Structures are given as structure tokens and as C-alpha cells.
Amino acid sequence: RVAALARGGASFFVCNNALTGFATQVAERPPHTRVAAGTIHDDLATHLVDGAMLVPAGVYALNAAQEARFTYVQATIG
């Protein structure tokens, strides 16, 4: 589905701050893999979905999109 959205013109941005936090949690979660958080981060960053862009801060990317007159809508299915 992500590939189809990308072919249709959708853009995907991944927050580097969140990716770093996630990699740190994975590295610290038992059983400890003895793999450094930086290594996990780099592996995840290398294997993002095709067309995704790693941005320093997702909040900044969202703000920049809103300044360019895009609208942010969050839909939660519960």
C-alpha cells in the first residue's frame, strides 16, 4: 500500500529524532543484543520504505509543509 501511495505522489518523511529514540529502545530492550543504538539506527535508516526521506525533526518538516499551505489531518482508527 505504501508503494502504491508513493506512485500516486504521496511523500513520506521519517523523523530522525524518533528513529534515534526507537533505536535506543531496541538496543536497551532485553534480551540485549549487544548491538549499539547507532548501528541499529543506521540499519533502520538504510532500510526505509522506498521514497521515504529521513528528516532531522518531523515536527519541523510538518511545520514547513503547513507554511507551504499543506493541511495536516490526523485520523485515528480505534
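The structure this text deals with has already been given above.
Residues numbered from 1 in each chain as written. Predicted model: local features only at pLDDT ≥ 70, side-chain atom pairs only at ≥ 80, totals over all residues. Heavy atoms only, no water.

Participant: Run through the overall build of the chain, naming residues and quoting values.
Facilitator: Across its full length, the chain holds four helices and two strands. In sequence order, the secondary structure elements of the chain are arranged as α-β-α-α-β-α. Relative to its length of 78 residues, the chain is extended, with a C-alpha radius of gyration of 15 Å against a globular reference of 12 Å. The dimensions of the chain, computed from C-alpha atoms along their principal axes, are 45 × 30 × 25 Å. The buried share among the 78 residues of the chain stands at 8%. (Helix = DSSP H or I, 4+ residues; strand = E, 2+ residues; numbered from the N terminus. Rg over C-alpha atoms; globule rule 2.2 N^0.38 Å. Buried < 20%, exposed > 50% of the residue type's maximum accessible area, 1.4 Å probe, protein only.)

Participant: Would you mind going over the packing of helix H2 (residues 16-28) against helix H3 (residues 37-46) in detail, with residue names and values included?
Facilitator: Taken N-terminus to C-terminus, the directions of H2 and H3 make an angle of 130 degrees; their axes are 8 Å apart at the nearest point. With respect to H3, the element H2 is oriented oblique. Judged by the sense of rotation from one axis to the other, the crossing of H2 with H3 is right-handed. The residues of H3 that touch H2, namely those facing Asn 16, Leu 19, Thr 20, Phe 22, Ala 23, Thr 24, Val 26 and Ala 27, are Ala 37, Ile 40, His 41, Leu 44 and Ala 45. Among the residues forming the contact of H2 with H3, the class breakdown is nine nonpolar, four polar and no charged. (Axes fitted to C-alpha atoms, helices over the stretch in contact; angles between N-to-C directions. Parallel < 35°, antiparallel > 145°, perpendicular 65-115°, else oblique. Left-handed = near helix turned anticlockwise from the far one by under 90°. Contact = heavy atoms within 4.5 Å. Nonpolar A, V, L, I, M, F, W, Y, C, P; charged D, E, K, R; others polar.)

Participant: Requested: an account of the environment of Ala 75, with residues and values cited.
Facilitator: Structurally, the position occupied by Ala 75 is in the segment after helix H4 (58-67). Separated by 38 residues in sequence, Ala 75 and Ala 37 place their C-alpha atoms 31 Å apart.

Participant: If you had to explain H2 to someone new, which residues and values would you point to?
Facilitator: The terminal C-alpha atoms of H2 lie 18 Å apart, and with 13 residues this matches the ideal 18 Å at 1.5 Å per residue to within 8%. Leu 19, Ala 23 and Ala 27 are the residues of H2 that are buried. Down the axis, H2 shows its buried residues gathered within 70 degrees of arc, on one side only. Counted as exposed and oriented over 90 degrees from the buried face of H2: Asn 17 and Glu 28. Considering only its buried residues, H2 is in contact with strand E1 (12-15), H3 and strand E2 (52-55). (Expected span 1.5 Å × (residues − 1). Arc of directions from axis to C-beta.)

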